[in-house]
Amino acid sequence: MDIKDLKILDIRSSSAGNSSYASTKMSSTPIAVPKGDPRSVEKVNSPQHCSKSYGERHLDVPGQPKGFRRRHNSWSSSSRGANQVTPKKNGLKNGNSHMKHRDDECFGDGVDDELDTDFDFEGNLALFDKAAVFSEIDTSERRNGVRSRGTPQDQTPSRYRHDENILEAKPIVYRQITVPQPGAKEYCTDSGLVVPSVTYELHKRLLSVAERHGLSLERRLEMTGVCASQMALTLLGGPNRLTPKNVHQRPTVALLCGPHVQGAQGISCGRHLANHEVEVILCLPNFVKMLDSVTNELTLFSKTGGKQVSNIKDLPDTPVDLIINCLDCHENTFLMDQPWYRAAADWANQNRAPVLSIDPPVSGQGQAVEAKWSLSLCLPLPLAEGAGRVYLCDIGVPRHVFQEVGIKYHSPFGCKFVIPLHSA
């Protein structure tokens, strides 16, 4: 080409337009880029590729004109100008002002002025119509099928205790035992049943009729021994005392007996106590002749390993855990005048152990040994004040035997064989 063909361009007047046209022409001209890293496109298309942010570089699409490229609004140091500054957050300041305004509304002087007036309790209480409210409650209960309120006697509880029966029962009759010849005293059980005392003559006739029907003396002795031993074991501590871990502290019981049926009952009780690992010391004087029942009980007691003595001096000097008194007899009162009886009674009174009397006599005969507990058989006798607290044991006399001697009888024992009695 010759230099004559060149033309001079006026750049001063159309520099801006030509620059825009050149930029557009340059960006629209396709450029061949080798396959591989797309970053090479950015290096060719943009002369300022080093100043672009990371997001702008990845938003560039190959082949798309630069005029239509979406800008990435980033606050990075590369996209912000020199005059651009990070805006300050004034939310905290405005929030404090708002909270202060709310505190003024809640705790301002205007509220404090209203608190100076006292609350009128009497006036508000007068507004409450108690009768109308309860009438509304009763109407609602009747509509819902609930029983209405009434007097305390007419009210039927909606919930019952564990000892109350849902079904309506007959009125309780507390005097279920009536005797033709009542004694001088009356007793009652823990549940309120009345147990009258009987005379010794009626008591003796009751046992005689029971023996005629098959309740022999041996059976009575066994039942009395079992009931008395159960009571004695309870008085000794029961399961808290008689455990395999407490074999080194076995209780000691002194048994004072006479040569009669009451003495045989005591020996039967001592046999059962010895079978339950209780140290029993039986004191019975040597008599030339004794009842067969006493001899038989002594033979059985000797097989238990219990100790038997005939002299009061052989009894322990230290207090024992329990003394069982079977010295007295219902008929032979002359035994109280004999030396062995007085010696045994003095030892029992001097020993500080509690005394349990089995089948004690009536109050008219008196007792030389003051007892803390007394155990009566079948029906109680009128005992003296020195008999202590009275207990009653069931020896198995049938109901028809009571009826045969004229006693209307219903058992007061319930689920027990020994029950306490209280003076009525």
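Heads up: these notes are all about the structure in this document. These numbers were taken from a predicted model, which means no experiment stands behind them.

1. Observations regarding the overall build of the protein
Of the regular secondary structure elements, the protein holds 13 helices and 11 strands. In the protein, buried positions account for 33% of the 424 residues. About 28,800 Å² of surface is accessible on the protein, with carbon and sulfur atoms providing 53% of the total.

2. Thoughts on the sheet that holds strand S4 (residues 279-283)
Through backbone hydrogen bonds, the strands of a sheet pair up, either in parallel or in antiparallel fashion. Across the sheet, which stays open at both edges, the 8 strands sit in the order S5-S4-S3-S6-S7-S8-S9-S10 with mixed pairing between neighbours. Single-partner strands in this sheet number two, and they are strand S5 (307-309) and strand S10 (418-420). Each neighbouring strand pair of the sheet contributes to a mean axis angle of 20 degrees, computed without reference to strand direction. In terms of strand pairing, strand S6 (residues 322-326) meets strand S7 (residues 355-358) through 3 bridges, oriented parallel. The residue bridging Asn325 from the neighbouring strand is Ser357, located in S7. Here helix H10 (residues 261-275) sits on the sheet in contact with strand S3 (252-257), S4, S6, S7 and strand S8 (373-377), set at roughly 160 degrees to S3.

3. A word on the pairing of strand S2 (residues 194-198)
Counting buried residues along S2, 5 of its 5 residues qualify, which places the element largely inside the surrounding structure. The alternating pattern of S2 places Val194, Pro196 and Val198 on one face and Val195 and Ser197 on the opposite face, and all of these are buried. Where strand S1 (residues 182-188) lies against S2, 4 bridges are found, and the strand directions are antiparallel. Within S2, the position partnered with Tyr187 by the bridge is Val195. Between S1 and S2, which pair antiparallel one after the other, the connecting turn spans 5 residues, and Gly192 there sits at a positive phi close to 95 degrees.

4. Some points on the packing of aromatic side chains
Summed over the entire model, instances satisfying the criterion amount to 3 aromatic pairs. A centroid spacing of 5.6 Å and a plane angle of 80 degrees characterise the contact between Phe287 and Trp340, whose relative ring orientation is edge-to-face. Taken together, the positions of Phe287 in the loop between S4 and helix H11 (292-302) and Trp340 in helix H12 (residues 339-350) put the pair 53 residues apart, joining distant regions of the chain. Relative to Tyr409, the ring of Phe402 lies with its centre 3.8 Å away and its plane at 5 degrees, an arrangement referred to as stacked. Clustering of aromatic rings is evident, with ring pairs tying together Phe287, Trp340 and Tyr341.

The rules behind the values
Residues numbered from 1 in each chain as written. Predicted model: local features only at pLDDT ≥ 70, side-chain atom pairs only at ≥ 80, totals over all residues. Heavy atoms only, no water. Helix = DSSP H or I, 4+ residues; strand = E, 2+ residues; numbered from the N terminus. Buried < 20%, exposed > 50% of the residue type's maximum accessible area, 1.4 Å probe, protein only. Areas by Shrake-Rupley, 256 points an atom, 1.4 Å probe, with all protein chains shown as cover. Pairing = 2+ DSSP bridges. Axes fitted to C-alpha atoms, helices over the stretch in contact; angles between N-to-C directions. Contact = heavy atoms within 4.5 Å. Phe/Tyr/Trp six-rings, centres within 6.5 Å; stacked < 30°, edge-to-face > 60°.

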